[in-house]
Amino acid sequence: MAFAAATGVMPLDMPESVLVRFKGELQPGITLRDLVHAIPYAAIQKGLLTVEKAGKKNIFSGRILEIEGLPTLKVEQAFELADASAERSAAGCTIKLDKEPIIEYLKSNIVMLKWMLSEGYGDVRTITRRIKGMEEWLANPTLMEADKDAEYAEIIEIDLATIKEPILCAPNDPDDARLLSDVAGDKIDEVFIGSCMTNIGHFRAAGKLLEKYQGELPTRMWIAPPTKMDKDQLTEEGYYGIFGRVGARIEIPGCSLCMGNQARVAEGASVVSTSTRNFPNRLGKGANVYLASAELAAVAAILGKIPTVAEYLQYAKALDATAADTYRYLNFNEIASYTKKADAVILQQAV
């Protein structure tokens, strides 16, 4: 700051980028969370990332993680990939999407923000400014793209056809990506489904798997939707009833176990979690925490262990028939309880 004040300039080093390019078709039973973990897994295979702390290698550290090859992802799904870039120690993350999912998300977000105004949330001027900025972009939607001759510190290509089983991160390091077949059978005491790595579709998927289970689970299960809106919709659709029937502990929407300073798992517990990270002692003292998808976490909760690939795929297949309904996102511009209040909001004029 002193240099900038004295000279009137602030030199900044532009970080290099690492390009992760996905190609091919997603295989049965493979989730977006598996693609999150496929990034460190692929880097390990190429010798660009090591788990050992001594002489640690990490191609992503301090660089921008740029992701291509998944252009039709919903914005909520893109968040799942971008959120995990912090665990790669990246300086930032970009995901190349088509215009359509961004337009869909912003239209929904405008209604949600207007609903917030009707409910008395936040600073009116700030929210109004955000709404108008979104409306201006929607009137002329343009996206930034990498230069055609862009140079990268490394390019990692991941063929979706080669990912035939889930990928987890083993205790207690989010860099320690392993195939399900390498850790299957490990006993699980507790399961956490929540954090910013989840969205409403994950809770519906877990609920549909748990709905067929009779009695209380052999594991202690924690449920924490990321937002109050998710919680309200899941309650309306009956999923909170399912979670309660199997004995799950339902947390206030938000971070819960993932924060590391709120609720805690039992000392020394073995856990499957959908949280962002599994650093030592974060979820509980001496806990051994696997990171996995909500779908795999629900199966582990039912079985009391990490399933085999065959066991997991059998449960995952049951979700296929209702996938379109299960993985619906909260488009607020299509929900009457939000549009009714949003339509009545009159935006302030900028002064």
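Residues numbered from 1 in each chain as written. Predicted model: local features only at pLDDT ≥ 70, side-chain atom pairs only at ≥ 80, totals over all residues. Heavy atoms only, no water.

**Q** Can you explain the sheet that holds strand β1 (residues 17-23)? Please cite residues and give values.
**A** Across the sheet, 4 strands lie side by side as β3-β2-β1-β4; this open sheet has parallel pairing. Unpaired on one side and paired on the other, β3 (92-95) and β4 (154-159) mark the two borders of the sheet. Strand-to-strand, the axes of this sheet are offset by a mean angle of 15°, without reference to chain direction. The sheet contacts of helix α2 (residues 32-45) involve β1, β2 (64-68) and β4, and relative to β4 the element is tilted by about 125°. (Pairing = 2+ DSSP bridges. Helix = DSSP H or I, 4+ residues; strand = E, 2+ residues; numbered from the N terminus. Axes fitted to C-alpha atoms, helices over the stretch in contact; angles between N-to-C directions. Contact = heavy atoms within 4.5 Å.)

**Q** How would you sum up empty space enclosed by the protein? Please name residues and give values.
**A** Summed over the entire model, instances satisfying the criterion amount to 4 cavities of 30 Å³ or more. Considering only enclosed or pocket space, the largest cavity measures out at about 50 Å³ in volume. Forming the boundary of the largest cavity are Lys74, Val75, Glu76, Pro101, Glu104, Tyr105, Ser108, Tyr329 and Asn331. Broken down by secondary-structure element, the contributors of at least two residues to the lining of the largest cavity are α3 (75-83) and α4 (99-118). Among the elements that make up the lining of the largest cavity, the one with the highest residue count is α4 (4 residues). Here the residues of the lining of the largest cavity sort into 4 nonpolar, 2 polar and 3 charged. (1 Å grid on protein atoms, 1.4 Å probe; cavity = no way out; pocket = protein on both sides within 12 Å on 5 of 7 lines; lining within 4 Å. Points joined across faces, edges and corners; volume = space filled by probe spheres on them. Nonpolar A, V, L, I, M, F, W, Y, C, P; charged D, E, K, R; others polar.)

**Q** With reference to specific residues and values, describe the packing of aromatic side chains.
**A** Evaluated as defined, the whole model comprises 5 aromatic pairs. Considering the side-chain rings of tryptophan 115 and tyrosine 121, the 5.9 Å spacing of their centres and the 35° angle between planes classify their relative orientation as tilted. Summarising the aromatic geometry, the rings of tryptophan 115 and tyrosine 338 are spaced 4.8 Å apart at their centres and angled 55° between planes, so their arrangement reads as tilted. Pair noted here: tryptophan 115 is in helix α4 and tyrosine 338 is in helix α13 (residues 336-343), with a separation of 223 residues, a long-range link. Among the aromatic side chains, those forming a connected cluster through ring pairs are Trp115, Tyr121, Phe332 and Tyr338. (Phe/Tyr/Trp six-rings, centres within 6.5 Å; stacked < 30°, edge-to-face > 60°.)

**Q** Tell me about the pattern of salt bridges, and please be specific about residues and values.
**A** Under the defined criterion, the tally for this structure stands at 24 salt bridges. Taking the shortest distance from any N to any O, the salt bridge between arginine 21 and glutamate 157 comes out at 2.8 Å. Of the two residues, arginine 21 sits in strand β1 while glutamate 157 sits in strand β4, which places them 136 residues apart along the sequence. Taking relative accessible area as the criterion, glutamate 157 reaches 44% and is therefore assigned partly exposed. With a shortest N-O distance of 3.9 Å, lysine 114 and glutamate 135 are connected by a salt bridge. (Salt bridge = Lys/Arg side-chain N within 4 Å of Asp/Glu carboxyl O. Buried < 20%, exposed > 50% of the residue type's maximum accessible area, 1.4 Å probe, protein only.)

**Q** Explain the environment of isoleucine 103 residue by residue, including any values.
**A** Looking at where isoleucine 103 falls in the secondary structure, it is placed in helix α4. For the pair isoleucine 103 and tryptophan 137, spaced 34 residues apart in sequence, the C-alpha to C-alpha distance is 9.0 Å. Once residues within four sequence positions are removed from consideration, isoleucine 103 is found in contact with Trp137, Leu138 and Pro141.

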